[in-house]
Number of protein chains: 2
Amino acid sequence: MKQTSAVWATVDGNEAVAKVAHALSEVIAIYPITPASPMGEFSDAYSAAGRKNLWGSVPEVVEMQSEAGAAGMLHGALQKGALATTFTASQGLLLMLPNMYKIAGELTPTVIHVAARTLATHALSIFGDHSDVMSARMTGWTMLAADSVQQAHDFALIAHAAALRTRLPVLHFFDGFRTSHEVDKIQLLNDDDLRALIRDEDVLAHRMRGLSPDRPVLRGSAQNPDVFFQAREAANTFYEAVPAAVQTLMDELAARTGRAYQLAEYTGAPDAEKVIIIMGSGAGAALETVEELVHRGEKVGVINLHLYRPFPVEQLVAAIPASAKRVMVMDRTKEPGGRDPLYLDVVSALTEQGRTGLEVFAARYGLSSKEFTPKLVKAVFDELAKPAPRRQVTVGIHDDVTHTSVTADAEFTIPTRAVQAVFFGLGSDGTVGANKASIKIIGEHTDLYAQGYFVYDSRKAGSTTISHLRFGPDPIRSTYLIEQADFVAVHQFGLLQRMKVIDIARPGATVLFNSPYPAEQIFSRLPIEAQQQIIDKKLHCYAIDAHRIAREVGLGARINTVMQPCFFKLANIIPVDEAIEALKGSIKKLYSKRGQSVVDMNYRAVDSALAALVEVPVPDSVAGESSSLASALAMPAGTPDFIAQFTARVIAGEGDLLPVSAMPIDGTFPTGTARYDARALAQDLPIWDPSICTDCGKCALVCPHAAIRIKVYDPSELDSAPEGFQSKEYKGREYKGQRLTVQVSPDQCTGCGVCVEMCPATSKTDPSHKSINMLPAIEYR
Amino acid sequence: MKQTSAVWATVDGNEAVAKVAHALSEVIAIYPITPASPMGEFSDAYSAAGRKNLWGSVPEVVEMQSEAGAAGMLHGALQKGALATTFTASQGLLLMLPNMYKIAGELTPTVIHVAARTLATHALSIFGDHSDVMSARMTGWTMLAADSVQQAHDFALIAHAAALRTRLPVLHFFDGFRTSHEVDKIQLLNDDDLRALIRDEDVLAHRMRGLSPDRPVLRGSAQNPDVFFQAREAANTFYEAVPAAVQTLMDELAARTGRAYQLAEYTGAPDAEKVIIIMGSGAGAALETVEELVHRGEKVGVINLHLYRPFPVEQLVAAIPASAKRVMVMDRTKEPGGRDPLYLDVVSALTEQGRTGLEVFAARYGLSSKEFTPKLVKAVFDELAKPAPRRQVTVGIHDDVTHTSVTADAEFTIPTRAVQAVFFGLGSDGTVGANKASIKIIGEHTDLYAQGYFVYDSRKAGSTTISHLRFGPDPIRSTYLIEQADFVAVHQFGLLQRMKVIDIARPGATVLFNSPYPAEQIFSRLPIEAQQQIIDKKLHCYAIDAHRIAREVGLGARINTVMQPCFFKLANIIPVDEAIEALKGSIKKLYSKRGQSVVDMNYRAVDSALAALVEVPVPDSVAGESSSLASALAMPAGTPDFIAQFTARVIAGEGDLLPVSAMPIDGTFPTGTARYDARALAQDLPIWDPSICTDCGKCALVCPHAAIRIKVYDPSELDSAPEGFQSKEYKGREYKGQRLTVQVSPDQCTGCGVCVEMCPATSKTDPSHKSINMLPAIEYR
């Protein structure tokens, strides 16, 4: 339901939460940890800009030395009667546990917002699952699970309000990356909404409980066996009151916004026989799937659980249709040696509510942001349809060792009215930022819903980024990557030699290449596999030499404002003229503080783009002499088995296909494998000019990929050097008469240019010319 | 079963564990936390004395800056291939969690020995329950629960051996205080036992997995959504193998020692209908009770669960007799907002093993070392016998708010052949040390089993200590305080004015008073309630003026070697001559490094004691004019309600009787309540000599109870001073002509003497005489 008076914004989950948390706090203790860091950064920026909270004061944002310090500061601020909050994830949450037990035991209202992330076990992972929040389930905190950006925004308010009303602290969580970093068009809560749910008397009561010399009390003492146990039971009534209090707040929110939530929300057939129970972003995929399956006549349903602690036994069991025969409980964590936590809670709840006729099964899914798609949700229902479902299954992997996995239904898809666009870029090339801007433009200029999700390969600068954008007339609940894109943009031509980029295009889709080659050469320069797919799927191909234009207008390697107009033109979601105007508005807003000349450069990039956009002719058959992606990805002869069967496939982007048996059991890997990851992705390569080199060696020192090597050697070595091999006399006295050479490995270089930044040797006649200079790779590779 | 070849020792749980852990480790990372500290201290002392481990090297014991550091050091040592261990409890374990997840994920064999302790919530508590270990149940560690000192010793070996055999780390836990600090006579494992279970090939395999530049590997990397989930499942088979491996080790141990353990040990009627499931020291009380009830013909049983993770689903369910109709799961932790953990595991296990006909109920007991006695075990079975038992009960408290508690069966007792002796002393008076020595003497000189448990009131020096000693021909499994003592010793006469000391004496018991009064005065100086009990129960009373003897032989306030011979004489467990000889042997061992004069002083104390022991005449009726304990404990008029109804009862030792409704809900208390805790317990009081005082004020500064106050005032104030009020001229120039007085509050003073230690003003003629001197309180109070 869209309210005409509502204010819409395109934000990610972290920003959606930070807006509310900042408005409802006086003290914000922070320590950064992926993927929760932006919540602290937004809060810090808000306060630095003087933004006030609901009571007219600017919250104090303090970064501590660790999450343990942040939790201690939170506890201290609360004990003084301040409204305080913090943000964290993963190991950061573990460091807060000692204070969390105390904060709950002292019945102190506060909120920790958690962008739920994997705990490090056999390996660290920055991605999302519930292993962190589940490690906090015994602390006595209320736990609220949001499944989307809009919900994270709304539940941030519910969380702060519930804490104040119930005197119990709230851990509000949402999935790291899938929700924290997904950009969605959402309806914003306004100050009146906040004021309506946050009651003055609760705030005042909290303040009056604060420690003060004016009304001294003792808190945080030691107790002995004589009284501790009784005192621990004295808080029972506070826990008993939480489910009703949270539902009341949800109802109050619904009355104001039309967005209605339940503690345990059932969606599906009224006579469902098979029901999934799930928390967090996976609910999006599950909801879509259930609705499609019900549409097809299946008796299935899903419970989207929002309140996890106190566990809403009655509400959850009541939400399961009486017709249900089998339940699959979806846990996004693994607790080896025991059953996973949500499963245990559900089995216990059903038992004590007397629903013993139901069979309950356990599914583990989504560890470390493993994809959870409608094909997999369908597979879960398929498992439940078997004569004897397995007690414990895994979803989203192929377990060929302990044989727990379900098989995805490859044929199953969900119809959508959304336009789906995928962009392949490189870290730091501006693709992600441009896509975020595009979502904002479309979100603000249309009634369409919009979603953006950005996949990074965690090699930071120079790594691949894949942007998944959806635009459509219906709310978007597809909490998984795009599988069939209407529009595919390849912002770096080199990626075609390394990834199955064209796989994702649906038949008849449009493909845009950023290519240094003329249009008529492009097709034949594609790997033969891509050529075949373009022909088979009847794809419409376009190209632009964005790097040339960016260089020409003075933007260097930042190609975003060249590619964006092309997207608007080809995707045709809004009239291209309107889009161009909006884009220029966005450019002005973004860059005007860097000066009019930067704004003008970007304007020129936009204006030049559409003129340079050309259609790529597609022949009827593949070009015979073309290279193949398979051979490009092949490892050299003699590559060790493990590298060929594991590392190479991960590099090729096929890690998802690797079965359990391919994995090291304990996170142990061979060393020296970077040599197999020669990505040849630099658009520009550092070229050495020996004539002005000072032998300082800084270029080799700073290269983050060790792609620049420097060597001093005897001149006789040059006798067998290939033609064109460059060298110079070594200046140092310790090796008088020796030669020096600086060499670049073009396949290891990512073109980041830090070597150029650090080079102190400049030409006397042209101070912009250094001993190391970036030149187009195409001329040298 | 006693093996004739076995070596017996009387040790507490911490020492029993440290002996094994030290012998099986190369690196021991420690950080002290009650009640686990002694394990680290023993290890440190062993290594300092050059004691070698099983492989002939002296383990390196390193104290870190916190438990987080200890866990990091553990992780690091293990990664190098060393055999490493640590010890902790409570919040210390929380700080280890991040490393624990990693150690388990990397399949690394190690052991953390935990003296399980309460986590701080509304209040800190140093006492025992399972809230700490339960917070680690998701880390992927194997978890072993020992229920006694002997088991903690045996399971320490099982834990180290299981870790090496299964490649999974083991958290070995036993109850803080009840097991860690209980002194028991146990059979020691010898090096051959250790060698038999620790296989060389497992140790070698662990070493070979250690990181080394000679065989470099990469471990502890980051993984992305593509492979993390599969890798997490790759360890499944390791977990599946644990239960069988642990049972095999238990069987190997049984073959060598005769001490047989099962993962889930059933004791009780073969046709039991009501079964309790429990872990840890509570099993002792439960076993005794079940055996007595079965003896009386009841169909009851108990499962003593030793392996908690991986949860032994099959073994546990198989151990429950087919006849069982109702199960009570005993959790020694509270996880507010959800059901407690063992209950959840059992419900799930029964469900998946198809034992759905069983009704399962949850009981919470023993938080923060709350007593768990046969009367309460009986109450649990009574609850199960009701037509409709409650889903969740609490055991050991009176919950008059949420009405969860069961009612103890006051009549239920278990016959015992053991002699039970209780000693009331003051911290630092030597009572506890003397009792430990007595246990050793009796343990070593007889075939009797022996147990000692020591209750401190956590006010450290000057606080009450109550020692509970049992000696008997049967193994002692009474894991609770003595309720009916055969022998009661009151080592401090003043305690009779503050506690219901005589309550604990069984009819016909022997009572020994340390009394400054002559025998014929003693009875009339007892509170009237004690007099009545002595008459009613026909108690045999004896007395000695131990403080006088101790002073006379030069031992000051240390009365232990005076009281001990009296205990041996009166308790008559071993012939008194033999006891005296053993006692002198023990004195020689303990004190000879302090010089022969100290040994001789103690010898003299022993020799003087029996001669000074006199019988106390007991009249037929109470002495009319006697004081009453009730009035001694009464608060002055005008005492605030909360103090009267809570604080005063805690001070009187009646905290256990306080119901839930009497408790602050959030750990908040009024301040300034120390004034109501005037204990009047000092045997000696500091007396001020104004003639040599230098006005330095150090005595007032260092007094830990603020019992010494110093004041400078105008001489005119003395006009209305009472007779004998002492003062002196103030020397400082700032208040020329003023008077100074140092005053002592005799009821607040504990007689610790630190004021005397710090006083710099001594008499010129007698350098042992200071301005502040300790003199017998009886002359001044």
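Residues numbered from 1 in each chain as written. Chains lettered and ligands numbered in written order. Predicted model: local features only at pLDDT ≥ 70, side-chain atom pairs only at ≥ 80, totals over all residues. Heavy atoms only, no water.

Things to note about the overall build of chain A
Moving on, step 1. If you tally the helices and strands in chain A, you get 26 helices and 29 strands.
Moving on, step 2. Its C-alpha atoms give chain A a radius of gyration of 29 Å, within 12% of the compact-globule value 28 Å for 781 residues.
Moving on, step 3. Here the C-alpha coordinates of chain A stretch approximately 90 × 65 × 55 Å along the principal axes.
Moving on, step 4. Of all 781 residues assigned to chain A, the portion counted as buried reaches 62%.
Moving on, step 5. Considering only contacts in chain A between residues 6 or more positions apart, those separated by 24 or more positions represent 77%.
Moving on, step 6. Of the roughly 29,200 Å² of accessible surface on chain A, 52% is carried by carbon and sulfur atoms.
Moving on, step 7. With 75 positive and 88 negative side-chain charges, chain A shows a separation of 3 Å between the mean positions of the two kinds. (Helix = DSSP H or I, 4+ residues; strand = E, 2+ residues; numbered from the N terminus. Rg over C-alpha atoms; globule rule 2.2 N^0.38 Å. Buried < 20%, exposed > 50% of the residue type's maximum accessible area, 1.4 Å probe, protein only. Contact = heavy atoms within 4.5 Å. Areas by Shrake-Rupley, 256 points an atom, 1.4 Å probe, with all protein chains shown as cover. Lys, Arg positive; Asp, Glu negative; His and termini not counted. Charge placed at Lys NZ, Arg CZ, Asp CG, Glu CD.)

Quick word on the sheet that holds strand β3 (residues 60–63) of chain B
Residue and element names in this part refer to chain B.
Moving on, step 1. Taken together, seven strands build an open sheet; the order of strands is β3-β2-β4-β5-β7-β6-β13 and the sheet is mixed. Each edge of the sheet is formed by a strand with only one pairing partner; in this case those strands are β3 and β13 (307–309). Neighbouring strand axes in the sheet, compared pairwise and without regard to direction, differ in orientation by 20° on average.
Moving on, step 2. Examined bridge by bridge, strand β4 (residues 84–88) and strand β5 (residues 111–116) share four bridges and lie parallel to one another. By the bridge assignment for β5, Thr88 is matched with Val114. (Pairing = 2+ DSSP bridges. Axes fitted to C-alpha atoms, helices over the stretch in contact; angles between N-to-C directions.)

Some remarks on the packing of aromatic side chains
Note on aromatic pairs: each is described by the distance of the centres and the angle between the planes.
Moving on, step 1. Within this structure, the stated rule accounts for 34 aromatic pairs over all chains.
Moving on, step 2. Ring plane angle 45° and centroid distance 4.5 Å describe the contact between A:Tyr365 and A:Phe372, whose orientation is recorded as tilted.
Moving on, step 3. Aromatic side chains A:Phe567 and A:Phe568 sit 5.3 Å apart centroid to centroid with 50° between the ring planes, which places their arrangement in the tilted category.
Moving on, step 4. Taken together, A:Phe423, A:Phe471, A:Phe487, A:Phe567 and A:Phe568 form an aromatic cluster joined through their ring pairs.
Moving on, step 5. Sitting over the face of the ring of B:Tyr308, B:Arg309 holds its NZ or CZ atom 4.4 Å from the ring centroid.
Moving on, step 6. If you follow B:Arg525 out to its NZ or CZ, it ends over the ring of B:Tyr517, 3.8 Å from the centre. (Phe/Tyr/Trp six-rings, centres within 6.5 Å; stacked < 30°, edge-to-face > 60°. Lys NZ or Arg CZ within 6 Å of the ring centre and 35° of its normal.)

Here we look at the pairing of strand β15 (residues 359–365) of chain B
Residues and elements named next belong to chain B.
Moving on, step 1. Most of β15 is tucked away, with six of its seven residues classed as buried.
Moving on, step 2. In the classification by handedness, the crossover that spans strand β14 (residues 326–331), the intervening helix α14 (residues 341–352) and the parallel β15 is right-handed.
Moving on, step 3. Inspection of the sheet shows β15 paired to strand β16 (residues 392–395) by four bridges, in the parallel sense. Counted as the bridge partner of Tyr365 is Val395 from β16.
Moving on, step 4. After leaving β15, the chain enters helix α15 (residues 374–385) and then returns to the sheet as β16, a path that is left-handed. (Right-handed = clockwise from strand over helix to strand, strands pointing away.)

Some thoughts on unusual backbone geometry
Moving on, step 1. The step from A:Thr34 to A:Pro35 runs through a cis peptide bond, and the omega angle for that step is -5°.
Moving on, step 2. Take A:Pro35: it is sitting in the loop between β2 (27–30) and α2 (37–48).
Moving on, step 3. Phi angles above zero are rare outside glycine, and B:Arg167 is one such case at about 65°.
Moving on, step 4. Structurally, B:Arg167 can be placed in the loop between α6 (149–166) and β7 (170–175).
Moving on, step 5. Relative accessible area serves as the criterion here: at 12%, B:Arg167 is assigned to the buried category.
Moving on, step 6. With phi around 65°, B:Phe177 is a residue other than glycine that occupies positive phi space.
Moving on, step 7. For B:Phe177, the location among the structural elements is in the loop between β7 and β8 (183–188).

A short note on the relation of the copies chain A and chain B
The relation between the two chain copies is a rotation about an axis coupled with a shift along that axis.
Moving on, step 1. With an RMSD of 0.1 Å, the operation that places chain A on chain B is a rotation of 180° combined with a shift of 0.1 Å along the axis. The superposition operator between the copies reduces to a two-fold rotation axis. Ranked by how close their C-alpha atoms come to the rotation axis, the residues of chain A are headed by A:Leu344, at 2.9 Å.
Moving on, step 2. An overlap of 100% is found between the interface residues of chain A and their copies at the interface of chain B, pointing to a shared contact surface. (Least-squares fit on C-alpha atoms with pLDDT ≥ 70 in both.)

Quick look at the pattern of salt bridges
Two side chains bearing opposite charge may form a pair once their charged atoms approach each other closely.
Residues and elements named next belong to chain A.
Moving on, step 1. Per the stated rule, a full pass over the model turns up 75 salt bridges over all chains.
Moving on, step 2. Across the salt bridge formed by Glu335 and Arg137, the nearest N and O atoms sit 2.8 Å from each other. Of this pair, Glu335 sits in the loop between β14 (326–331) and α14 (341–352) while Arg137 sits in the loop between α5 (131–134) and β6 (142–145); the two residues are 198 residues apart in sequence, bridging distant segments of the chain.
Moving on, step 3. A relative accessible area of 4% means that Glu335 is categorised as buried. (Salt bridge = Lys/Arg side-chain N within 4 Å of Asp/Glu carboxyl O.)

A few points about the sheet that holds strand β27 (residues 728–729) of chain B
Residue and element names in this part refer to chain B.
Moving on, step 1. With antiparallel pairing, three strands are arranged side by side in an open sheet as β26-β28-β27. Because the sheet does not close on itself, it has two edges, and the strands there are β26 (708–713) and β27.
Moving on, step 2. Of the pairings in the sheet, the one linking β26 to strand β28 (residues 739–744) comprises six bridges and is antiparallel in character. Its bridge partner being in β28, Tyr713 is matched across the sheet by Arg739.

Notes on the interface of chain A and chain B
Accessible area lost upon the coming together of the parts is a frequently used measure of interface size.
Moving on, step 1. Taken together, the 98 residues of chain A in the interface contact 98 residues of chain B.
Moving on, step 2. Taking both partners together, chain A and chain B bury about 8,800 Å²; carbon and sulfur atoms supply 62% of that area.
Moving on, step 3. Taking the shortest distance from any N to any O, the salt bridge between B:Asp666 and A:Arg167 comes out at 2.7 Å.
Moving on, step 4. Where chain A packs against chain B, one counts 36 residue pairs in polar contact (both at pLDDT 80 or more).
Moving on, step 5. The biggest single contributor to the side of chain A that touches chain B is helix α4 (residues 90–105) of chain A, with eight residues.
Moving on, step 6. When the residues that make up the side of chain A that touches chain B are grouped by side-chain class, the tally is 47 nonpolar, 29 polar and 22 charged.
Moving on, step 7. Inspection of the sheet shows strand β9 (residues 217–219) of chain A paired to strand β24 (residues 668–670) of chain B by three bridges, in the antiparallel sense. By the bridge assignment, A:Arg219 is partnered in β24(B) with B:Thr668. (Buried area = accessible area lost by both parts, 1.4 Å probe. Polar contact = N/O pair within 3.5 Å; in protein donor to acceptor, adjacent residues only side chain to side chain. Nonpolar A, V, L, I, M, F, W, Y, C, P; charged D, E, K, R; others polar.)

A few points about the packing of helix α20 (residues 560–571) of chain A against helix α22 (residues 596–612) of chain A
All names here are of chain A.
Moving on, step 1. In the contact formed by α20 and α22, the axes pass within 8 Å of each other and the chain directions differ by 45°. The angle between the axes of α20 and α22 places the two elements in the oblique class. Between α20 and α22 lies a crossing whose hand is right-handed. Two secondary-structure elements touch here, α20 through Thr561, Val562, Pro565, Cys566 and Lys569 and α22 through Asn602, Ala605, Val606, Ala609 and Leu610.
Moving on, step 2. For the contact of α20 with α22, the per-class residue count stands at seven nonpolar, two polar and one charged. (Parallel < 35°, antiparallel > 145°, perpendicular 65-115°, else oblique. Left-handed = near helix turned anticlockwise from the far one by under 90°.)

Observations concerning α15(B)
Residues and elements named next belong to chain B.
Moving on, step 1. Across its 12 residues, α15 extends 16 Å between first and last C-alpha, which sits within 8% of the 16 Å expected from 1.5 Å per residue.
Moving on, step 2. Burial within α15 is extensive, with 10 of its 12 residues counted as buried.
Moving on, step 3. Restricting attention to buried positions, one finds in α15 the residues Pro374, Lys375, Leu376, Val377, Lys378, Ala379, Val380, Phe381, Glu383 and Leu384.
Moving on, step 4. Buried residues along α15 sit against β11 (274–278), α12 (282–295), β12 (300–305), β14, β15 and β16. (Expected span 1.5 Å × (residues − 1).)

Comments concerning helix α16 (residues 431–445) of chain B
The periodicity of an α-helix, 3.6 residues per turn, causes residues three or four positions apart to be oriented the same way.
Moving on, step 1. The end-to-end C-alpha distance of α16(B), which contains 15 residues, comes to 21 Å, matching closely the 21 Å that a straight helix rising 1.5 Å per residue would cover.
Moving on, step 2. Of the residues making up α16(B), those classed as buried are B:Thr431, B:Val432, B:Ala434, B:Asn435, B:Ala437, B:Ser438, B:Ile439, B:Ile441, B:Ile442 and B:Gly443.

Overview of the confidence of the model for chain A
Moving on, step 1. Residue-level pLDDT values for chain A average 94, and 98% of them are 70 or greater.
Moving on, step 2. Of the two predicted TM-score estimates for the complex, the pTM is 0.93 and the ipTM is 0.94. (pLDDT = per-residue confidence, 0-100.)

Considering the packing of helix α16 (residues 431–445) of chain A against helix α21 (residues 576–591) of chain A
Each pair of packed helices gets described by two things: the angle between the helix axes and the distance between those axes.
Residues and elements named next belong to chain A.
Moving on, step 1. Where α16 contacts α21, the axes come no closer than 10 Å and their chain directions differ by 120°. Considering their axes alone, α16 and α21 lie oblique with respect to each other. Relative to α21, the crossing made by α16 is right-handed. Seen from α16, the contacting residues are Ala437, Ile441 and His445; seen from α21, they are Glu578, Ala582, Leu583 and Ser586.
Moving on, step 2. Residues that form the contact of α16 with α21 fall into these classes: four nonpolar, two polar and one charged.

Topic: the environment of A:Leu583
Residues and elements named next belong to chain A.
Moving on, step 1. Tracing the backbone shows Leu583 in helix α21.
Moving on, step 2. The spatial distance from the C-alpha of Leu583 to the C-alpha of Ala434 is 9.8 Å, given a sequence separation of 149 residues.
Moving on, step 3. Ignoring any residue separated from it by four or fewer positions in sequence, one finds Leu583 in contact with Ile441, Gln564, Pro565 and Val606.

Points about the environment of A:Gly176
Moving on, step 1. Mapped onto the secondary structure, A:Gly176 falls in the loop between β7 (170–175) and β8 (183–188).
Moving on, step 2. Assessed through its relative accessible area of 1%, A:Gly176 is described here as buried.

Focus: the side chain of B:Glu288
Moving on, step 1. Along the chain, the position of B:Glu288 falls in helix α12.
Moving on, step 2. Here B:Glu288 is in contact with B:Pro374, B:Ile414, B:Arg477, B:Ser478 and B:Tyr480, once residues within four sequence places are set aside.

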